[in-house]
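Listed here are the chains, written in short residue letters.
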Amino acid sequence: AQSVTQLDSQVPVFEEAPVELRCNYSSSVSVYLFWYVQYPNQGLQLLLKYLSGSTLVESINGFEAEFNKSQTSFHLRKPSVHISDTAEYFCAVGSQGAQKLVFGQGTRLTINP
Amino acid sequence: DAGITQSPRHKVTETGTPVTLRCHQTENHRYMYWYRQDPGHGLRLIHYSYGVKDTDKGEVSDGYSVSRSKTEDFLLTLESATSSQTSVYFCAIQASGDYGYTFGSGTRLTVV
């Protein structure tokens, strides 16, 4: 069975500071990994995904995540955050043969001016 | 524009009444899911469907039923609403061979 652990339920940072949101997974098979973002009072939107190939994936708004198989991690990073990045972020894992995604509990990112 | 809509967006209902939430897609995707989102619990899977009339239970299915008579519609019914079912409900769709989901905007349900 797969599982996802987001190690921080809340992360407060100052504007223009770097941030890392941590995600670890467990799975016995090859995985696909996702980060979704949920802005206040909205649904979840796909931020970035790793399916295969390069282990470093990027989003259009400056976030990146690196698939680390040995550490079973898929941490999300941004070198300089903006107020508009305030949201809840969900890590999710899928695998071949298992159509459903398994989601982490979410990390609430709060940006302080 | 995402091809998935949920209705209603907000609903207040009384304890003991049946409630049906609708998820409608225009993408012709095979897989559809219902989740509930609660503080401290993240997203929890209620039921899912892998085709017309093919559904299965998720981790928190008690008190809920679903139906999928057409590819485009996936209905979630609370048979007799309870206060513990106050939540935000999200529908998601997924194409065959694609491992990502597209989510609807959610339904905020309050049971009083």
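Only a predicted model underlies this, so the values are computations on that prediction, with no experimental measurement involved.

1. Some details on the overall build of chain B
Moving on, step 1. From N to C terminus, chain B includes zero helices and 11 strands.
Moving on, step 2. Expressed as lengths along the three principal axes of its C-alpha atoms, the size of chain B is roughly 40 × 25 × 25 Å.
Moving on, step 3. Among the 112 residues that make up chain B, the fraction classed as buried is 50%.
Moving on, step 4. Of all intrachain contacts in chain B linking residues separated by at least 6 positions in sequence, the fraction that spans at least 24 positions is 54%.
Moving on, step 5. Across chain B, the mean location of the 11 positive side-chain charges is 3 Å away from that of the 12 negative side-chain charges.

2. Points about the overall build of chain A
Moving on, step 1. The helix and strand tally for chain A stands at zero helices and 12 strands.
Moving on, step 2. The order of α-helices and β-strands along chain A, N terminus first, is β-β-β-β-β-β-β-β-β-β-β-β.
Moving on, step 3. Computed over its C-alpha atoms, the radius of gyration of chain A comes to 14 Å, within 12% of the 13 Å expected for a compact globule of 113 residues.
Moving on, step 4. Across its three principal directions, the C-alpha atoms of chain A cover 45 × 30 × 20 Å.
Moving on, step 5. Buried residues in chain A amount to 47% of all 113 residues.
Moving on, step 6. Counting contacts in chain A only where the partners sit at least 6 residues apart, residues at least 24 apart contribute 56% of the total.

3. Concerning the state of the cysteines
All names here are of chain A.
Moving on, step 1. Taken as a whole and assessed by the stated rule, the structure comprises two disulfides over all chains.
Moving on, step 2. Across the disulfide, Cys-23 is cross-linked to Cys-91 (sulfur-sulfur distance 1.9 Å). Taking the sign of the S-S torsion, -65° for the link of Cys-23 and Cys-91, the bridge is left-handed. Highlighted residues: Cys-23 in strand β4 (residues 23-26) and Cys-91 in strand β10 (residues 87-95), separated in sequence by 68 residues.
Moving on, step 3. Looking at Cys-23, the relative accessible area reads 0%, which means it is buried.
Moving on, step 4. On the basis of relative accessible area, Cys-91 is assigned to the buried category, the value being 0%.

4. Considerations on the confidence of the model for chain A
Moving on, step 1. Per-residue pLDDT for chain A averages 92, and the proportion of residues at 70 or more is 98%.
Moving on, step 2. Mean pLDDT values for the elements of chain A range from 84 in strand β11 (residues 98-103) of chain A up to 98 in strand β3 (residues 19-21) of chain A.

5. Comments concerning the pattern of salt bridges
Residue and element names in this part refer to chain A.
Moving on, step 1. Under the criterion given, the structure shown has eight salt bridges over all chains.
Moving on, step 2. Between Asp-8 and Arg-22 there is a salt bridge, with the nearest N and O atoms lying 3.0 Å from each other. A residue pair is termed long-range when its members are at least 10 positions apart, and Asp-8 in the loop between β1 (3-6) and β2 (10-14) and Arg-22 in the loop between β3 and β4 qualify at 14 residues.
Moving on, step 3. The buried category is assigned to Asp-8, whose relative accessible area is 19%.
Moving on, step 4. For Arg-22, a relative accessible area of 32% corresponds to the partly exposed category.

6. Some details on the pairing of β1 of chain A
The two faces of a sheet get side chains in turn, since along a regular strand they alternate between them.
Residue and element names in this part refer to chain A.
Moving on, step 1. Residues Val-4 and Gln-6 point to one face of β1 and are all buried, whereas Ser-3 and Thr-5, pointing to the other face, are not buried.
Moving on, step 2. Relative to β4, β1 runs antiparallel, the two being bridged by four bridges. The partner of Gln-6 across the bridge, within β4, is Cys-23.

Criteria and cut-off values
Residues numbered from 1 in each chain as written. Chains lettered and ligands numbered in written order. Predicted model: local features only at pLDDT ≥ 70, side-chain atom pairs only at ≥ 80, totals over all residues. Heavy atoms only, no water. Helix = DSSP H or I, 4+ residues; strand = E, 2+ residues; numbered from the N terminus. Buried < 20%, exposed > 50% of the residue type's maximum accessible area, 1.4 Å probe, protein only. Contact = heavy atoms within 4.5 Å. Lys, Arg positive; Asp, Glu negative; His and termini not counted. Charge placed at Lys NZ, Arg CZ, Asp CG, Glu CD. Rg over C-alpha atoms; globule rule 2.2 N^0.38 Å. Disulfide = S-S within 2.5 Å. pLDDT = per-residue confidence, 0-100. Salt bridge = Lys/Arg side-chain N within 4 Å of Asp/Glu carboxyl O. Pairing = 2+ DSSP bridges.

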